[in-house]
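Below are the chains, spelled out letter by letter.
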Amino acid sequence: MNLFVIVAATLVAGIGSVWIAALLLKVGVRNGGGINPQHLLSLAAGALLATAFMHLLPEAFESRIEPALLFGVLLFGLVVFFLLDKAELWHHGHEHHHGVKTEAGADHEHEHGHGHAHDHAHDHGHSHAHAHAHTRKGGGWAVLTGDSVHCFGDGILIASAFIADLHLGLVAALAVLAHEVPHHIGDLVVLRQSSPDARAALVKVSLAGTMTALGGVAGWWLVDQLHGWLPYFLVLASSSFVYVALADLIPQLQKRLSARQTAWQVGWLALGILLVMGMSRLAHGDHGHDHEHGGAAHEEHGHRH
């Protein structure tokens, strides 16, 4: 696989998601007007789950590796990402969790008129400001550290998907872009709490986003050296997407909402799934991909390099 394509895709996913997040913040990400962050989270969760279960895992299971072994790798990956999350290095977890912890109190305060104002950026920005004002300076660097590690890992996963198949790589890059937008909205809000300079916050998060490209280069080299391990890399990518969707995004959607708001959540979740499916169908042109590329991609692991 052409390294240039991997670098381009990882830069779009890594830095493009930051700029989209900044644009959405400028337009207005809020409940009751503007862009509802609950919709963004639902869209991202749908895109991640669809990419994992409908693209990455099927591609990995086309190999001749025992399914039980691949499922073992999937379980191993989920445990590893859980441990990384505990270390606050994988899914920007520390600021999200603080926001969730203080939401219960916020709900009582805003029950009349703002009972459903659970928007991602607003909630964790305010909880960070009030509950953790004494850690503002260090908190920004913690966000950037976690963001950089996560982006680097995303780059490796995108590169693995590209090496397996060009179209699969495009779908994976789209899924990463989708789930990084709501995360970067939160990152920008947290950094703006520690510094009033919005431009400096954008530059810092953009630099963290460039780690996606560095991870892409590392992934390209690593999978090139260990091309026989490609199915395992694809399963690990799947476990990452599944973990982020189920442990990070969906819990933020599990709030008591009206029937209309719940319907919107489900609709945006379905849209994320359909977006990934539609992009995959457009990329492949038909359903003949498995017959044209299946098997050969795993028997001749190095032929794409």
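Thresholds applied
Residues numbered from 1 in each chain as written. Predicted model: local features only at pLDDT ≥ 70, side-chain atom pairs only at ≥ 80, totals over all residues. Heavy atoms only, no water. Phe/Tyr/Trp six-rings, centres within 6.5 Å; stacked < 30°, edge-to-face > 60°. Helix = DSSP H or I, 4+ residues; strand = E, 2+ residues; numbered from the N terminus. Buried < 20%, exposed > 50% of the residue type's maximum accessible area, 1.4 Å probe, protein only. Expected span 1.5 Å × (residues − 1). Bend = angle between axes of the 7 residues up to and from the residue. Polar contact = N/O pair within 3.5 Å; in protein donor to acceptor, adjacent residues only side chain to side chain. Core = buried A, V, L, I, M, F, W, Y, C linked by side-chain atoms within 4.5 Å. Contact = heavy atoms within 4.5 Å. pLDDT = per-residue confidence, 0-100. Patch = residues over 30% accessible without salt bridge, like charges linked within 9 Å, V, L, I, M, F, W, Y side chains within 5 Å. Areas by Shrake-Rupley, 256 points an atom, 1.4 Å probe, with all protein chains shown as cover. Salt bridge = Lys/Arg side-chain N within 4 Å of Asp/Glu carboxyl O.

1. Details of the packing of aromatic side chains
Then, number 1: According to the stated counting rule, one finds two aromatic pairs in the structure shown.
Then, number 2: Judged by centre distance (5.1 Å) and plane angle (50 degrees), the rings of Phe61 and Phe71 are tilted. Of this pair, Phe61 sits in helix 2 (residues 37-61) while Phe71 sits in helix 3 (residues 67-86), and the two are 10 residues apart along the sequence.
Then, number 3: The class of Phe61 is partly exposed, set by a relative accessible area of 27%.
Then, number 4: Consider the rings of Trp229 and Tyr232, whose centres lie 6.0 Å apart with planes at 65 degrees: the pair is edge-to-face.

2. Some remarks on helix 1 (residues 3-27)
Then, number 1: With 25 residues, helix 1 extends 35 Å between its outermost C-alpha atoms, agreeing within 8% with the 36 Å of an ideal straight helix rising 1.5 Å per residue.
Then, number 2: The principal kink in helix 1, of about 30 degrees, is found at Gly16.
Then, number 3: Capping of helix 1 at its N-terminal end is provided by Asn2; its side-chain oxygen lies 2.8 Å from the backbone amide nitrogen of Phe4.
Then, number 4: Positioned one or two residues after helix 1, Gly28 has a phi angle of 125 degrees, which is positive.

3. Re the nonpolar core
If you look at soluble globular proteins, the nonpolar side chains tend to sit buried side by side.
Then, number 1: Of all hydrophobic cores here, the largest spans 40 residues; its most connected members are Leu48, Leu56, Leu234, Val235, Phe241 and Leu249.
Then, number 2: Every element with two or more residues in this core is listed here: helix 1, helix 2, helix 3, helix 7 (136-164), helix 8 (166-194) and helix 11 (230-249).
Then, number 3: At 10 residues, the largest contribution of residues to this core is made by helix 11.
Then, number 4: Residues in contact with Leu234, not counting those within four places in the same chain, are Leu56, Glu59, Ala60, Ser160, Ala161, Ala164 and Leu168.

4. Some words on the confidence of the model for the protein
Then, number 1: On average, residues of the protein score 76 in pLDDT, and 72% of them are at 70 or above.
Then, number 2: Contacts from residues 92-138, a stretch scored under 50 in pLDDT, to residues over four places away or in other chains number 74 contacts.
Then, number 3: Low pLDDT, under 50, characterises residues 286-305; the predicted model gives this stretch 33 contacts beyond four residues in sequence or across chains.

5. Notes on a nonpolar patch on the surface
Then, number 1: On the surface, a nonpolar cluster with roughly 390 Å² of combined accessible area is contributed by Phe53, Met54, Leu274 and Met277.
Then, number 2: Every element with two or more residues in the nonpolar patch is listed here: helix 2 and helix 12 (259-284).
Then, number 3: With respect to the helices, strands and loops of the structure, Leu274 is situated in helix 12.
Then, number 4: Owing to a relative accessible area of 53%, Leu274 belongs among the exposed residues under this scheme.

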